[in-house]
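For reference, the chains in residue letters:
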Amino acid sequence: PATTRDRLRVAIQKSGRLAEPARDLLASCGLTWRESRDRLFCYGESLPVDLLLVRDDDIPGLIADGVCDLGIVGRNVLVENDLARQHDGGTSALKEWRQLGWGVCRLDIAINDDEQWTGPEQLAGQRIATSFPRTLSRWLSDKGVSAEVVTLSGSVEIAPRLGQADVVCDLVSTGGTLAANSLKPVETLLHSEAVIAGPVAALEDGREEIADLLLRRMDGALRLKE
Ligand code: ATP
Ligand code: ZN
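Residues numbered from 1 in each chain as written. Chains lettered and ligands numbered in written order. Predicted model: local features only at pLDDT ≥ 70, side-chain atom pairs only at ≥ 80, totals over all residues.

### Section: helix α3 (residues 75-87)
Its 13 residues place the ends of α3 18 Å apart at the C-alpha level, agreeing with the 18 Å of an ideal helix rising 1.5 Å per residue. All of the buried residues along α3 are R75, N76, V77, L78, V79, E80, N81 and D82. Directly beyond the C-terminal end of α3, a positive phi value near 85 degrees is found at G89. (Helix = DSSP H or I, 4+ residues; strand = E, 2+ residues; numbered from the N terminus. Expected span 1.5 Å × (residues − 1). Buried ≥ 20, exposed ≤ 12 C-beta atoms within 10 Å, placed from the backbone.)

Have a look at this one:
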């Protein structure tokens, strides 16, 4: 770590599915904040806890690099990032400090809804569109199936209609988006929810105590919601 910091820095999604529940959770811990003019940084007023508002994909890297101490992110993003690190010869830098019970979804394989599903071997030689290439590749190799992974950053569910892929591997909650695209889920690779992501190693410079306080309040807030 290049600099010492005595305030805790938490990365959350700037906009998207996890943005509002993440802010609500932090507010329920008694945190109040002041937004910067560019709306990327929030200065914590009631606690020494600042927020960084970013794309969810950037959250694991920000924690791994020590720019932020904790993050609120989907397990799917954390797992994908971890596998990418391992692929590059690194070790796991992050772990789940808490499971939050919302942002629940699955990473599923989905095929055309008029097709029959006989099992993973059916995917051999097929093109599979996904935003989670490492997670998909690991699952394919676990199943001993060789297929082509087509990495797309978004709009994965329309890839079959556009001729970019034969099947998809995408996040599903209700299945409505899949059904609207004439796709049906057939296999689940990962069960996901929003989590508090943090480093495997302990925090330094007194930030461990601030994190403990925040997590204790969070546990109380989560228990109240049960
Ligand atoms: P960003 O601009 O931050 O990159 P994004 O488009 O990647 O946003 P969202 O669509 O807001 O992200 O999804 C954020 C997270 O919400 C997902 O990574 C996942 O953990 C969770 N999630 C829950 N249900 C769904 C769903 N039906 N589809 C997609 N993501 C879902
Ligand atoms: Zn994203």
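And the narrative resumes.
### Overview of the packing of α3 against helix α4 (residues 133-143)
For any two helices packed against each other, the geometry comes down to the angle between their axes and how far apart the axes lie. Viewed as axis vectors pointing N to C, α3 and α4 meet at an angle of 75 degrees, and their least axial separation amounts to 7 Å. The angle between α3 and α4 falls in the class roughly perpendicular. Between α3 and α4, the contacting residues are V79, E80, L83, A84 and H87 on the first element and R134, T135 and R138 on the second. Partitioned by chemical class, the residues of the contact of α3 with α4 number three nonpolar, two polar and three charged. (Axes fitted to C-alpha atoms, helices over the stretch in contact; angles between N-to-C directions. Parallel < 35°, antiparallel > 145°, perpendicular 65-115°, else oblique. Contact = placed C-beta atoms within 7 Å. Nonpolar A, V, L, I, M, F, W, Y, C, P; charged D, E, K, R; others polar.)

### A closer look at unusual backbone geometry
At S155, a residue that is not glycine, the phi angle is positive and equals roughly 50 degrees. With respect to the helices and strands, the residue S155 is situated in the loop between β9 (148-151) and α5 (159-162). Overall, S155 belongs to the partly exposed group, with 13 C-beta atoms counted inside 10 Å. Despite not being glycine, S182 has its phi angle at roughly 55 degrees, a positive value. As for its placement among the helices and strands, S182 is situated in the loop between α6 (176-180) and β11 (183-192). The partly exposed category is assigned to S182, around which 14 C-beta atoms lie within 10 Å.

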